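# Remarks on the overall topology
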Amino acid sequence: MMLHIPNVLTREQVRQMRAAIDAAGWVDGRATVGAQGALVKHNRQLPEDDPVALEQGRVILQALAANAQFFSAALPARHMPPLFNRYTAGETYGLHVDGAVRRVPGAAPWLRTDVSSTLFLCDPEDYDGGELVVVDTYGTHEVKLPAGDLIVYPSSSLHRVEPVTRGERVCSFFWTQSMVRSDAQRGMLLELDQTIQQLRARLGETDQTVALTGHYHNLLRMWADV
Ligand code: NI
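Source: prediction; values computed, not measured.

## As for the coordination of the nickel ion
Around the nickel ion, the protein contributes the donor atoms H96 (NE2), D98 (OD) and H159 (NE2), which lie 2.1 Å from the metal centre. Read N to C, the donor residues that coordinate the nickel ion are spaced as H-x1-D-x60-H. The exposure class assigned to H96 is buried, which follows from its relative accessible area of 4%. Here D98 falls in the buried class, since its relative accessible area comes to 14%.

So this is what it looks like as structure tokens:
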């Protein structure tokens, strides 16, 4: 399941975030990948413990905590701190799958990566190439969004970032452990929730929308690990 969530950050929030991160200390992106990723990853990123990255990551997670669409799509239990990356002059990240489990900095337990999110911090006109290409069970999807918009996709998918041939692509990305481990179950819950919202908008609250809302919550109760 993939979902495009527009306007997670306002234009002003993006501008402030870019001013902060552009001035920070960028390093080779291979610092955070395993052996397979290191062969295909060519970009730069902020170190995981960079204070600017940690502070700006908190801004992103705060915005998402208030975002109903993100909650419905990801059903988040825990997040990794958001990372920041930039691609320019032919830089690319070839086809790979993200590691299944990661250590949360400063916390004991491992985090299972169920949901990946990429937040665009530049506009499509700012660069050529650089599409995020996600291969999921429904085919191959190319994603290039306006600054401030977010794409949610399953961490189990193979994905790549096409070479940037002009300008610069700047994004944040992070992983979420979901209360619902299965991408198929999360996708069904998202579609059910969206359908209930559409019915409610068209008909108001009815016995049927209440009954469907009951089914939504009972399925979530059945499938959620909290
Ligand atoms: Ni990846």
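This is not the end of the story, as more comes after the structure.
## Things to note about the pairing of strand β6 (residues 83-88)
In terms of residue burial, β6 counts as a mostly covered element, since five of its six residues are buried. Where strand β4 (residues 44-45) and β6 come together, two bridges link them in antiparallel fashion. The partner of Q45 across the bridge, within β6, is N85. Bridge count between β6 and strand β16 (residues 164-178): six bridges; the pairing is antiparallel. By the bridge assignment, T88 is partnered in β16 with E168.

## Things to note about the domain arrangement of the protein
The domain boundaries assigned to the protein delineate domain 1 (3-178) and domain 2 (183-223). Taking the mean C-alpha position of each, domain 1 and domain 2 sit 29 Å from one another. Counting residues at the interface gives nine residues for domain 1, matched by eight residues for domain 2. At the boundary of domain 1 with domain 2, the tally comes to zero salt bridges. Summed over the shared surface of domain 1 and domain 2, the number is two residue pairs in polar contact (both at pLDDT 80 or more). For the side of domain 1 that touches domain 2, the leading source of residues is helix α4 (residues 68-74), giving three residues. By residue class, the composition of the side of domain 1 that touches domain 2 is six nonpolar, two polar and one charged.

## Side note on the pattern of salt bridges
The final tally for this structure, using the stated rule, is 13 salt bridges. Of the charged contacts in the structure, one is a salt bridge between R30 and D28, with a shortest N-O distance of 2.8 Å. Given the relative accessible area of 39%, R30 is considered partly exposed. Between R86 and E168 there is a salt bridge; the shortest N-O distance is 2.9 Å. Linking R86 in strand β6 with E168 in strand β16, this pair joins segments that are 82 residues apart in sequence. The exposure class of R86 is buried, given its relative accessible area of 6%. Here E168 falls in the partly exposed class, since its relative accessible area comes to 25%. Look at the salt bridges and you will find they share partners, linking R18, D22, R44, R86, E91 and E168 into a network.

## Regarding the sheet that holds strand β15 (residues 158-161)
The strand order across the open sheet built from five strands is β3-β7-β15-β12-β13, with neighbouring strands paired in antiparallel fashion. The open sheet has two edge strands with one neighbour each: β3 (41-42) and β13 (139-143). Across two bridges, β3 lies against strand β7 (residues 92-96) in antiparallel orientation. Note that in β7 the partner of H42 across the bridge is T92.

What counts, and where the lines are drawn
Residues numbered from 1 in each chain as written. Predicted model: local features only at pLDDT ≥ 70, side-chain atom pairs only at ≥ 80, totals over all residues. Heavy atoms only, no water. Donors = N, O, S within 2.8 Å, 3.2 Å for Na, K, Ca; no water. Buried < 20%, exposed > 50% of the residue type's maximum accessible area, 1.4 Å probe, protein only. Helix = DSSP H or I, 4+ residues; strand = E, 2+ residues; numbered from the N terminus. Pairing = 2+ DSSP bridges. Domains from an automatic or database assignment. Contact = heavy atoms within 4.5 Å. Salt bridge = Lys/Arg side-chain N within 4 Å of Asp/Glu carboxyl O. Polar contact = N/O pair within 3.5 Å; in protein donor to acceptor, adjacent residues only side chain to side chain. Nonpolar A, V, L, I, M, F, W, Y, C, P; charged D, E, K, R; others polar.

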